[in-house]
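Chain by chain, the residues run as shown.
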Amino acid sequence: MTATEARTELFALVKCAERDGVSTLIHKRDDHALLVPLARFPAARQPGAFPSHVLSAAQRDFGDLITLAAQGQPQVLRRNSTPVAVLLPADPASSVLSTDTAAPPGAATAGGAVNSQADQDSGTTPRRLTTLGDAVSVLTSVLTGGPTFGLPGLDAATGGLQPGRLTLVAAAPNIGGSLLGLAAARRTALVDRRTVLYAASGPNRDDIFRRIISAETGGDYPRLKQGRLTEHEQQVAHQLVQAGDLLMIDDGSDLTAVDIAETAPHMEGLALVVVDRLQAGPQRPPAAVRGPSSGCLSGPGFPRAHPARAGPRHRRQR
């Protein structure tokens, strides 16, 4: 597999390494590296032992990481703070894969697969084991790092938005379901000062801006929609323009989930993706995104799906 192909499929390749113990050979010109599960290189679990990268950053700099790995410098891939896979040189004679990091035959490697001679003879995929340390690391990263809706009652009931998870908000039309996604975007960008991608396949950027002003000031949205702002609302609008550089809006009406998945990895420090709204399109999407609804995705990655198209698309920043 080429580095370009692997960059596009990185999240899926890492999941295969985690779940099934699959290793992938990747080449970039004369550089060859292996993306392998941690079971192949348990030393990668040691904090700070090797260069490590969150998946979104690794996807952006993937070509450079392949070169470094091929030169004998292991590159650890993380989901939040948890190591999930590692890039190693493809040369089996490399000193990186020394005996002190490899598990003996038939032993359970740290957080890896249970291997036995029977498994090797039969060609079956070994079972994956997770260490208690992995589970605790995932739990603590969720407790400390996830965005919230900014609505105390809802955050208390749901625990906020869990990193790396798609949160689907389903509601009947015209009852305000998309306002929950807007509340999360507003809280994350304007209060927590973290980057948000607001993918608006329904409302446009002006609708979103008016809704935020209404939420910030308690103003009357129908009046704001007519372009009539009080002096206080004008002051708040001016402050939002200055402080809103972390809220990025893509309001093209032909927006698809593929467009979002291609854009998100290139946004530095992206904490939250809000999709307003998710719709069934010409190609049948996964069940998680069928029907009119809004989605909030915290952390890297996005489902491959096709929301409906309705007109020309332009990327704008507010």
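Structure shown above.
Below or above, wherever it landed, is the structure these notes cover. Since we're looking at a predicted model, the values are computed, not measured.

## Here we look at the overall build of the chain
When its secondary structure is counted, the chain shows twelve helices and 13 strands. Nonlocal contacts in the chain, meaning residues at least 24 apart in sequence, comprise 65% of its contacts between residues at least 6 apart. For the chain, the computed accessible surface area is about 16,200 Å², with 53% contributed by carbon and sulfur atoms.

## Let's talk about the nonpolar core
Tyr198, Ile208 and Leu247 are the most contacted members of the largest nonpolar core, which totals 22 residues. Put simply, the parts of the chain that give this core at least two residues each are helix 8 (178-191), strand 9 (195-200), helix 9 (205-217), helix 11 (231-243), strand 10 (247-250) and strand 11 (270-278). Other than its neighbours up to four places away in sequence, Tyr198 contacts Ser178, Gly181, Leu182, Ala185, Ile208, Leu247, Met248, Ile249, Asp250, Val274 and Asp276. Ala3, Ala6, Phe62 and Ala69 belong to the second-largest nonpolar core, a separate cluster that totals 19 residues.

## Details of the pattern of salt bridges
A complete count under the given rule lists ten salt bridges for this structure. For the salt bridge of Arg187 with Asp192, the shortest nitrogen-to-oxygen distance reads 3.5 Å. Between Glu233 and Arg223 there is a salt bridge whose closest N-O contact spans 2.8 Å. You can see Glu233 sitting in helix 11 and its partner Arg223 sitting in helix 10 (residues 221-225), a full ten residues away along the chain. Take Glu233 and Arg223: they sit in the same class, and that class is buried.

## Here's the deal with the environment of Leu246
Structurally, Leu246 is set in the loop between helix 11 and strand 10. When the C-alpha positions of Leu246 and Leu190 are compared, they lie 7.7 Å apart, and in sequence the two are 56 residues distant. Setting aside chain neighbours within four positions, we find Leu246 in contact with Ala189, Arg193, Arg194, Thr195 and Val196.

## Things to note about the packing of aromatic side chains
Tallied over the full model, the rule gives one aromatic pair. When the centroid spacing of 5.1 Å and the interplanar angle of 50 degrees are considered together, the rings of Phe41 and Phe50 count as tilted. Accessibility expressed as a relative area gives 1% for Phe41, which makes it buried. The class of Phe50 is partly exposed, set by a relative accessible area of 25%.

Conventions and cut-offs
- Counting of residues starts from 1 at the beginning of each chain's written sequence and follows it residue by residue.
- Whole-chain, interface and lining totals are the exception, using all residues; otherwise, since this is a predicted model, local features are given only for residues with pLDDT of at least 70 and side-chain atom pairs are given and counted only at 80 or more.
- Note that the side-chain values use all heavy atoms of the structure and ignore hydrogens as well as water.
- What counts as a helix is a DSSP run of H or I of at least four residues, what counts as a strand is a run of E of at least two, and both are numbered from the N terminus.
- The contact criterion used throughout is that any non-hydrogen atoms of two residues lie within 4.5 Å.
- Every accessible area reported is derived by Shrake-Rupley at a probe size of 1.4 Å, with residue values counting cover from the shown protein chains alone.
- Put simply, a nonpolar core is a bunch of buried Ala, Val, Leu, Ile, Met, Phe, Trp, Tyr and Cys residues held in one set by side-chain atoms that sit within 4.5 Å of each other.
- Accessibility here uses a 1.4 Å probe with only protein chains present; expressed as a share of the type maximum, an area under 20% marks a residue as buried, one over 50% as exposed, and anything in between as partly exposed.
- Whenever Lys or Arg places a side-chain nitrogen within 4 Å of a carboxyl oxygen from Asp or Glu, that contact is recorded as a salt bridge.
- Working definition: rings of Phe, Tyr and Trp (its six-membered ring) pair if their centres are within 6.5 Å, and the pair is stacked with planes under 30 degrees apart, edge-to-face with planes over 60 apart, and tilted otherwise.

Fair warning: the whole summary comes from geometry, so function is off the table for now.
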